[in-house]
Structure formats: structure tokens, C-alpha cells
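A look at the structure
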Amino acid sequence: WDFRTGSLEKQLSQLHTSQVSSVVTSPMSDRYLVSAGKDNTIKVVDLVNFETVQVLENPGLRCGGNKVVPCISPDDSTVACGSNNGSIYMWSVRTGGLEHELKKHKNGVLACAWSPSSAMLASADQKGDVIVWD
């Protein structure tokens, strides 16, 4: 949307094969849009040309049951997303490769957030537990 005029700038149809549960943008650069879908994929879209640059998946990633909110690091290098299985998956934006799987939550992880320096990640689960990772 163009906030000044209220006109539609670009619509991303068929981004996921199922319902989209959440979208976020790069916190510092506005370069990427990251979406989580109930098809258990995370999509990274370049907001300059509106092309999908990465499809992030893992056999353990489950976004279908609850709203799951991914996040992208302030330096645009890493996407993190929690899963209904209690894990947090972290992928490289550049390569799409899985970099880490963090396992401490005993319940499904609903949201993640990076610190402004990208040095820490916080995650929250369905039962209200918050973990800060460094």
C-alpha cells in the first residue's frame, strides 16, 4: 500500500499454498518481507522486485496449528521462526540453509524477536515462557 494515497502498490498472490499466518518486514532496511504459512514454509520476498528469494523449510517446522511469527535479524542475514514442536529454526537469508535449531521450549513457540544489535534472540511459547538466547 501507498500510505499517502491509499492505493494498492503490489499484491503477492499465491505466496503460500495454504493460509498465511503472519508477515514481517526487515526492521532496519525494509528490504525483505518474511511470511509464515500454514503450509509449513517461510518465504523471504525481496521488496525491491517482489520476487521470492528463499523458501525456508525443515521437516520439523510446524506452522499450521497456531499463529507463528517469524523474524528477520536487523542485519538481514538470518530468519528465525518458532515451531509447534518447541524448536526455533534459524536460516541464512543468503543461502537458505538451516544454520541452527534451538531446543529449550517445552511448548509450541509462537514468536521470536531479535535485539537491535542481532546479538540476542527472544522467543515466547504457548504457555507464556520467554527465553532469551545469546
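Shown above is the structure to which this text applies.
This structure is a prediction, so every number in the text was calculated from the model and none was measured. (Residues numbered from 1 in each chain as written. Predicted model: local features only at pLDDT ≥ 70, side-chain atom pairs only at ≥ 80, totals over all residues. Heavy atoms only, no water.)

1. Re the overall build of the chain
How we decide: The helix count covers DSSP runs of H or I at least four residues long, the strand count covers runs of E at least two residues long, and both are numbered beginning at the N terminus. Our radius of gyration looks at C-alpha atoms and nothing else; its globule reference is 2.2 Å times the residue count to the power 0.38.
Of regular secondary structure, the chain possesses zero helices and eleven strands. For the chain, the sequential pattern of α-helices and β-strands runs β-β-β-β-β-β-β-β-β-β-β. Over its C-alpha atoms the chain spans a radius of gyration of 14 Å, differing by no more than 12% from the 14 Å that the globule rule assigns to 134 residues. Taken over the C-alpha atoms alone, the chain extends approximately 45 × 35 × 30 Å along its principal axes.

2. Regarding the state of the cysteines
Heads up, the condition is: In this description, a disulfide is simply a cysteine sulfur pair whose atoms lie within 2.5 Å. Relative accessible area decides the class of each residue, using a 1.4 Å probe on protein chains only: under 20% of the type maximum gives buried, over 50% gives exposed, and in between gives partly exposed.
Applying the stated rule across the entire model yields zero disulfides. For C71, which is in no disulfide, the shortest distance to another cysteine sulfur is to C112 and amounts to 4.9 Å. A relative accessible area of 8% places C71 in the buried class. Residue C81 stays outside any disulfide, its sulfur separated by 4.5 Å from that of C63, the closest cysteine. The buried category is assigned to C81, whose relative accessible area is 0%.

3. With respect to a nonpolar patch on the surface
Stated precisely, the cut-off is as follows: Two joining distances apply to patches: 9 Å for like charges and 5 Å for nonpolar side chains (Val, Leu, Ile, Met, Phe, Trp, Tyr), and every residue must have over 30% relative accessible area and no salt bridge. Computed by Shrake-Rupley with a 1.4 Å probe, the accessible areas treat only the displayed protein chains as cover when residues are assessed. Should a side-chain nitrogen of Lys or Arg be within 4 Å of a carboxyl oxygen of Asp or Glu, the pair is scored as a salt bridge.
On the surface, a nonpolar cluster with roughly 470 Å² of combined accessible area is contributed by W1, F3 and L8. Tracing the backbone shows F3 in the segment before β1 (20-25). Given the relative accessible area of 80%, F3 is considered exposed.

4. What to know about the side chain of S92
Heads up, the rule is: Any pair of N or O atoms that falls within 3.5 Å is considered a polar contact. Within protein, one atom must be able to donate a hydrogen and the other to accept it, and sequence-neighbouring residues count only if both atoms are side-chain atoms.
Take S92: it is sitting in strand β7 (residues 87-92). A polar atom in the side chain of S92 sits 3.2 Å from the backbone nitrogen of R94. A polar side-chain atom of S92 sits 3.1 Å from the main-chain amide nitrogen of T95.

5. Let's talk about the sheet that holds β7
Using the following cut-off: Strand pairing follows a simple DSSP-based rule, namely that at least 2 bridges must link the two strands.
Pairing is antiparallel across the open sheet formed by four strands, whose spatial order is β5-β6-β7-β8. In this open sheet, the two strands that pair with only one neighbour each are β5 (71-72) and β8 (98-103). Here β5 pairs with strand β6 (residues 78-82) via two bridges, running antiparallel. Of the residues in β6, the one forming a bridge with I72 is V79.

6. Points about the layout of surface pockets
Any space left empty among the atoms is revealed by the rolling of a water-sized probe across them. Test applied: Lining residues are those with an atom within 4 Å of a point, where the points come from a 1 Å grid over the protein atoms alone and group into cavities, where a 1.4 Å probe fits but cannot get out, or pockets, open sets with protein on both sides within 12 Å along at least five of seven lines. Grid points are joined across faces, edges and corners, and a volume is the space filled by probe spheres set on the points. Basically, the charged four are Asp, Glu, Lys and Arg, the nonpolar ten are Ala, Val, Leu, Ile, Met, Phe, Trp, Tyr, Cys and Pro, and anything else, Gly included, counts as polar.
The volume enclosed by the largest pocket comes to roughly 470 Å³. Lining the largest pocket are 16 residues, and of these K10, L12, L33, L47 and F50 lie nearest its centre. At three residues, the largest contribution of residues to the lining of the largest pocket is made by β1. Here the lining of the largest pocket is built from residues that sort into nine nonpolar, four polar and three charged.

7. Digging into the nonpolar core
Burial of nonpolar side chains together is a common tendency in soluble globular proteins. To keep things clear, this is the line we draw: Residues belong to a common nonpolar core when they are buried Ala, Val, Leu, Ile, Met, Phe, Trp, Tyr or Cys residues joined through side-chain atoms within 4.5 Å. Residues are treated as being in contact if the distance between any of their heavy atoms lies within 4.5 Å.
Counting residues in hydrophobic clusters, the biggest one holds 16 residues, and the most contacted among them are V34, I42, V44, L61, V79 and W91. The set of elements that each furnish at least two residues to this core consists of β2 (32-37), β3 (42-46), β6 and β7. Of all the elements, β2 adds the most residues to this core, at three residues. In contact with V79, other than residues within four places in its own chain, are V34, I42, V44, L56, C71, I72, Y89, M90, W91 and V93. Within the second largest apolar cluster, ten residues are counted, among which are A80, L102, C112 and W133.

Everything listed here is a matter of coordinates, which is why it stays silent on function.
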